[in-house]
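Notes for the structure review
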Amino acid sequence: MPGSAESTGEYRGKLHPSVARVREAVRIALADLPRDTAVLVACSGGADSLALAAATAFEAPKLGLSAGAVIVDHGLQAESGDIAATAAEQCKSLGLDPVHVRAVEVGDAGGPEGAARTARYDALRDVAEEVGADVVLLAHTRNDQAETVLLGLARGSGARSLAGMAPVAGILRRPFLELSRSTTAAACVASGLRPWHDPHNDDPKYKRVRVRHEVLPVLEEALGPGVTEALARTAGLLRADADALDVLAAELAETAVRRTDGEVRCDVGLLEGEPAALRTRALRQAALEAGCRANDLTAGHVAAVDALVTEWRGQRWIDLPQGIRAVRRAGFIVLAPGVTP
């Protein structure tokens, strides 16, 4: 119960190591924020987010920050409203305030996992704007990072996708990327918290679940322990490389990509002599500016547009997501809805 030795993470008079670790991770993630900053915890009621909620409720006031929570009800299960209400009560009992429950409608664009993720992130940003929160904390762990890297490999994605989830992305922060899922579960037990287990986390129709329960165990058995940690470490290394390349590509796009009269135009002469790593990033940015959605724009799409620059043989056009086309015209790659040569 709140206030007991168990609920505060103490074990035989000492702070349980798992509780110490999750609190330290939150403290580090919030340390640079000015006093009076408003922080929200995204909490589903699962072990990871409940451990994050408890650690934030403990650490934020010590740093002079206000801390609340937001629970997104995806409406994908019959009892989802009750689950969201329980998570909200748990957050309130920890001392988080305000606590908001936001119901969303999950579409079908990007598959069930992608659609739910889009709806969730949109809701988190909307609530943050409504309440004036500057930071939203997410409870992704090292295990989630490893799964993300494997999913990126399976898609044949580039370095940015293989870099996994960033510790900081706009208003979003992920304090637990260096912690294992077992640590957050242990912190909940030590603190007397009762997390909810989402049955979707065991449903093999979801790719991430198959990676978690089938692929990673096979890799651990075949290659030895430490695969999860190695994949997460690889993501960090690739992120540093990808960040540097993105800066250089942005500089290239400043000179080679222009938006005029509803079209995005890329100067072939300025692009063709550049390294592929920079050229393709600039072309991807051009496609996004033309109206393609990031989740739908694949490496294959970008490679096809790049071929208009480096392997031009009179191709007519390349069809891209959201009805955008790319054509080569008079020394430019032109991207716009329905554009023709």
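So, here is what we can say about the structure in this document. (Residues numbered from 1 in each chain as written. Predicted model: local features only at pLDDT ≥ 70, side-chain atom pairs only at ≥ 80, totals over all residues. Heavy atoms only, no water.)

**Let's talk about the pairing of strand β9 (residues 257–260)**
Every other side chain in a regular strand lies on the same face of the sheet, so the side chains alternate between the two faces. The condition that has to hold: For two strands to pair, DSSP has to find at least two bridges joining them. What counts as a helix is a DSSP run of H or I of at least four residues, what counts as a strand is a run of E of at least two, and both are numbered from the N terminus.
Note that β9 and strand β10 (residues 263–267) share four bridges and pair antiparallel. If you follow V257 over to β10, its bridge partner there is C266. From the end of β9 to the start of β10, which pair antiparallel, there are two residues, and D261 there has a positive phi angle of about 50 degrees.

**Side note on the nonpolar core**
Going by this rule: Only buried residues count toward a nonpolar core. Its members are Ala, Val, Leu, Ile, Met, Phe, Trp, Tyr and Cys residues joined through side-chain atoms within 4.5 Å. Exposure is judged per residue with a 1.4 Å probe applied to protein chains only, and the accessible area is read against the type maximum: over 50% gives exposed, under 20% gives buried, and values in between give partly exposed. Any two residues whose heavy atoms approach within 4.5 Å are treated as being in contact.
Residues I71, C91, L96 and F176 are the most contacted members of the largest nonpolar core, which totals 36 residues. Those elements giving two or more residues to this core turn out to be α1 (17–30), β3 (38–42), α2 (47–62), β4 (66–73), α3 (80–94), β6 (135–137) and α7 (181–190). The element that contributes the greatest number of residues to this core is α2, accounting for eight residues. Not counting the four nearest positions on each side in its chain, L96 is found in contact with A53, A57, A67, G68, A69 and C91. Of all hydrophobic cores here, the second largest spans 27 residues; its members include A287, V309, I318 and I333.

**Quick notes on the sheet that holds strand β7 (residues 168–169)**
Inclusion rule: Note on geometry: axes are lines fitted to C-alpha atoms, helical ones only across the stretch in contact, with angles between N-to-C directions running from 0 to 180 degrees.
Pairing in this open sheet of six strands is mixed, and the strands run β5-β4-β3-β6-β8-β7 from one edge to the other. Here the strands that pair on one side only, and so sit at the sheet edges, are β5 (99–103) and β7. As paired elements, β3 and β4 share five bridges and run parallel to each other. Along β4, the bridge assignment pairs V41 with A69. Most of the contacts of α2 go to β3, to which it runs at about 160 degrees, and overall it touches β3, β4 and β6.

**Some remarks on the packing of α1 against α2**
What counts, and what does not: By definition, turning the near helix anticlockwise from the far helix through less than a right angle yields a left-handed crossing, and turning it clockwise yields a right-handed one. Gly counts as polar in this scheme, as do all residues outside two lists: the nonpolar Ala, Val, Leu, Ile, Met, Phe, Trp, Tyr, Cys and Pro, and the charged Asp, Glu, Lys and Arg.
One can describe the packing of α1 onto α2 by two numbers: an axis separation of 9 Å at closest approach and a directional angle of 60 degrees. In this structure, α1 crosses over α2, and the sense of that crossing is right-handed. On α2, the residues that touch V22, R23, V26 and R27 of α1 are L52, A55, T56, F58 and E59. Residue classes in the contact of α1 with α2 are distributed as five nonpolar, one polar and three charged.

Scope: geometric values only; no functional claims are made or implied.
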